[in-house]
Structure formats: structure tokens, C-alpha cells
Amino acid sequence: HMAAIAKTEGIDISRPGLAVIAGEAEGSMRDVQSLLDQVISFAGQKVTEKDIIQTLGIIDRDILFESSAAIIDGAPDRCLDIVEKIYTFGYDIKDFYRTLMQQFRNLLISLIAPEDHLIDMTKSDREKLHRQADKAGEERLHFLLNYLINREEDLRFTSHPRLILEATMVKLARTGDLLSFEKILNKLEHLEKRIL
């Protein structure tokens with residue numbers, strides 16, 4: 001629908017750009033039209049993803065990739081630097097957290113269904129996403145995403161969102177050495193045999 005509106009109005013905007021606006025509107029057609037109008041008022045007839053990010057105050061995709069890389073690389077110090085950057089830029093920490101969950105959802109999808117069109121990104125961003133996902137592996141991505149989902153409520157009700165975000169990202173960065181579920185089962189089986 002947004003693509004049809006853009007075409008009718010003669011607006012040059014990419015599909016990933018439209019996806020960013022749609023994500024911000026969270027399924028509301030009225031909000032989508034309002035956000036699209038805001039972006040067009042700011043950028044004119046040719047709208048880039050950067051224009052959309054600046055106009056709507058959306059988390060920059062580079063910071064998201066930086067965040068997921070720091071977590072996957074097991075670099076808690078970089079995680080703390082990123083939180084400082086987010087805070088300094090004036091991003092809403094709760095919005096960032098939701099976007100980080102979406103990033104890890106996209107990482108997982110890129111492994112499960114790499115040829116599917118469930119991720120609206122440029123080709124270069126898709127390739128970058130897939131490289132990060134390959135490095136982490138499906139099992140670890142499942143764990144990281146589940147952890148983010150389970151901790152979201154803590155962030156929603158806290159008066160100290162920065163502290164929760166820092167603690168969460170540092171914890172996630174330290175998960176690289178966790179034993180896989182299969183190894184844990186093997187250890188338990190071995191212990192059970194020793195006990196019996």
C-alpha cells in the first residue's frame with residue numbers, strides 16, 4: 001500500500017526504506033501515512049534510508065550491526081561503549097532494546113530461511129547479517145533472542161533502563177563459552193551414570 005502511495009505521489013523510496021516506516025507504524029495504516037508524510041516533508045521527492053532514520057529518530061542500522069557484532073564477538077567492553085553512544089545520541093533506550101530484539105530475530109531468520117523475503121534490507125545489509133549469523137550459529141542465536149525476550153519486561157518497568165541494557169548486553173556478550181544443550185545433556189547423563 002505504501003509503495004502504491006509513493007508511486008502515485010512520484011516519490012522515489014526503496015523497499016527497505018518503506019519497511020523501516022512500516023515497522024515504526026506497527027501495523028497502523030493511519031500511522032504509516034502520517035510517518036510517510038513526515039519523511040516526504042523532510043526529504044522531498046527522493047527519500048533515502050538515512051532521511052527516514054533522521055526524520056523519525058530511528059536507531060541507525062550501523063549501531064545495530066555494531067551491537068550484534070559486539071555481543072556475538074563476546075566483547076562486553078564494546079557493549080558498554082555502544083550503550084554510552086546510544087545514551088549520548090539521545091536514543092530512547094527502550095526503543096533501542098526492541099530494535100535489538102528485531103536485529104537478533106533477523107539474524108536467526110537469515111540462517112533459517114536465507115532466501116525468503118522475511119527481512120527487508122539492502123543486499124549488502126543482508127550479506128552482513130548473514131555473516132554475523134553464521135559466526136554465531138543457530139543455537140546461540142536462539143539463546144540470545146530468547147534471553148532478550150525474557151528480559152524485556154525488566155526494562156519496561158524499570159526507572160533505570162540504561163543499567164538494565166548494560167547488564168543485558170554484557171551478559172549476552174559472555175554467552176560464547178556456554179555449553180551447548182547437547183553437551184549439558186551428555187554431562188548430566190555421565191553424572192547420572194556415576195551416581196547410579
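Scroll up to find the structure this text is about.
Residues numbered from 1 in each chain as written. Predicted model: local features only at pLDDT ≥ 70, side-chain atom pairs only at ≥ 80, totals over all residues. Heavy atoms only, no water.

## Some remarks on the side chain of Thr175
Thought 1: Considering the arrangement of structural elements, one finds Thr175 in the loop between helix H10 (161-173) and helix H11 (181-195).
Thought 2: Polar contacts involving the side chain of Thr175 include one to the side chain of Arg140, which spans 3.4 Å.
Thought 3: Within the structure, Thr175 has its side chain in polar contact with the backbone oxygen of Leu172 (distance 2.7 Å). (Helix = DSSP H or I, 4+ residues; strand = E, 2+ residues; numbered from the N terminus. Polar contact = N/O pair within 3.5 Å; in protein donor to acceptor, adjacent residues only side chain to side chain.)

## Notes on a nonpolar patch on the surface
Thought 1: On the surface, Leu188, Leu191 and Ile195 cluster together to form a nonpolar patch covering roughly 320 Å² of accessible area.
Thought 2: Mapping Leu191 onto the fold places it in helix H11.
Thought 3: Overall, Leu191 belongs to the partly exposed group, its relative accessible area being 42%. (Patch = residues over 30% accessible without salt bridge, like charges linked within 9 Å, V, L, I, M, F, W, Y side chains within 5 Å. Areas by Shrake-Rupley, 256 points an atom, 1.4 Å probe, with all protein chains shown as cover. Salt bridge = Lys/Arg side-chain N within 4 Å of Asp/Glu carboxyl O. Buried < 20%, exposed > 50% of the residue type's maximum accessible area, 1.4 Å probe, protein only.)

## Re the nonpolar core
Thought 1: Counting 37 residues, the largest nonpolar core has Ile71, Ile86, Phe96, Phe104, Leu141, Leu165 and Met169 as its most contacted members.
Thought 2: Those elements giving two or more residues to this core turn out to be helix H5 (61-72), helix H6 (76-89), helix H7 (93-112), helix H8 (123-136), helix H9 (138-156) and H10.
Thought 3: Looking at this core, the element that brings in the most residues is H7, giving 9 residues.
Thought 4: Not counting the four nearest positions on each side in its chain, Phe96 is found in contact with Ile59, Ile63, Leu64, Ser67, Ile86, Leu165 and Met169.
Thought 5: Grouped together as the second largest cluster of nonpolar side chains are 17 residues, Ala6, Val39, Val47 and Ile52 included. (Core = buried A, V, L, I, M, F, W, Y, C linked by side-chain atoms within 4.5 Å. Contact = heavy atoms within 4.5 Å.)

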